Amino acid sequence: MSHLTYLAILAACLVGTAPLELVLHVGVYAQWRRLLATLVPVIVVFGAWDLYSIHRGLWRYDSRYVIGLDLPGHLPIEELLFFVVIP
């Protein structure tokens, strides 16, 4: 079960912010162009930073807490999802 930890944290973040969309009607998800304009630079910059750090051996992800699906460069899928969910 611990291999789902990272995904569980991301899911909790989404559940925690859902009231902002549903109750306050802030419309973040409805404004998908603005959302993409915000997320793409974050994903590119921080994704590159993570890939560089992984490649240099400065950073790693504990396999006990991720599902094991890696993107090119050994970047766990959870880390990409982090860049989508958290900003």
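Above this text is the structure in question.
Now for a look at the structure at hand. Fair warning: this is a prediction, and the values are worked out from it, not measured in the lab. (Residues numbered from 1 in each chain as written. Predicted model: local features only at pLDDT ≥ 70, side-chain atom pairs only at ≥ 80, totals over all residues. Heavy atoms only, no water.)

Quick word on the overall build of the chain
Assigned secondary structure in the chain consists of three helices and two strands. In sequence order, the secondary structure elements of the chain are arranged as α-α-β-β-α. With the principal axes as the frame, the chain shows a C-alpha extent of 45 × 30 × 15 Å. The buried share of the chain, taken over its 87 residues, is 21%. Long-range contacts, defined as pairs at least 24 residues apart, comprise 57% of the intrachain contacts of the chain with a sequence gap of at least 6. Side-chain charges of the chain comprise 5 positive and 6 negative groups, with the mean position of each set lying 6 Å from the other. (Helix = DSSP H or I, 4+ residues; strand = E, 2+ residues; numbered from the N terminus. Buried < 20%, exposed > 50% of the residue type's maximum accessible area, 1.4 Å probe, protein only. Contact = heavy atoms within 4.5 Å. Lys, Arg positive; Asp, Glu negative; His and termini not counted. Charge placed at Lys NZ, Arg CZ, Asp CG, Glu CD.)

Points about the environment of Val42
Checked against the element boundaries, Val42 lands in helix H2 (residues 32-55). Distance in space between the C-alpha atoms of Val42 and Pro87 is 8.0 Å, their sequence separation being 45 residues. Excluding its chain neighbours within four sequence positions, the residues that come into contact with Val42 are Gly47, Phe83 and Pro87.

Observations concerning a nonpolar patch on the surface
Taken together, Leu14, Leu20, Leu22, Val23, Leu24, Val26, Val28 and Tyr29 make up a surface patch of nonpolar side chains, about 760 Å² in accessible area. Mapped onto the secondary structure, Val23 falls in the loop between helix H1 (5-22) and H2. Residue class for Val23 comes out exposed when judged on its relative accessible area of 59%. (Patch = residues over 30% accessible without salt bridge, like charges linked within 9 Å, V, L, I, M, F, W, Y side chains within 5 Å. Areas by Shrake-Rupley, 256 points an atom, 1.4 Å probe, with all protein chains shown as cover. Salt bridge = Lys/Arg side-chain N within 4 Å of Asp/Glu carboxyl O.)

A few points about the packing of H2 against helix H3 (residues 77-85)
It is the contact of H2 with H3, at a shortest axis distance of 9 Å, that shows an interaxial angle of 145°. Of the two possible hands of crossing, H2 and H3 adopt the one that is right-handed. Judged by residue contacts, Leu39, Val42, Ile43, Phe46, Gly47 and Asp50 of H2 engage Glu79, Leu80, Phe83 and Val84 from H3. Of the residues assigned to the contact of H2 with H3, the class counts are seven nonpolar, one polar and two charged. (Axes fitted to C-alpha atoms, helices over the stretch in contact; angles between N-to-C directions. Left-handed = near helix turned anticlockwise from the far one by under 90°. Nonpolar A, V, L, I, M, F, W, Y, C, P; charged D, E, K, R; others polar.)

Observations regarding the packing of aromatic side chains
Using the criterion set out here, one finds five aromatic pairs in the structure. Between Phe46 and Trp49, the ring centres sit 5.6 Å apart and the planes meet at 25°, which makes this aromatic pair stacked. Of this pair, Phe46 and Trp49 are both found in helix H2, three residues apart, which corresponds to roughly one turn of the helix. A residue is classified by how much of its surface remains accessible, and Phe46, at 36% relative accessible area, is partly exposed. Centroid distance Trp59 to Tyr61: 6.1 Å. Interplanar angle 85°. Geometry classified as edge-to-face. Judged by its relative accessible area of 17%, Tyr61 is buried. (Phe/Tyr/Trp six-rings, centres within 6.5 Å; stacked < 30°, edge-to-face > 60°.)

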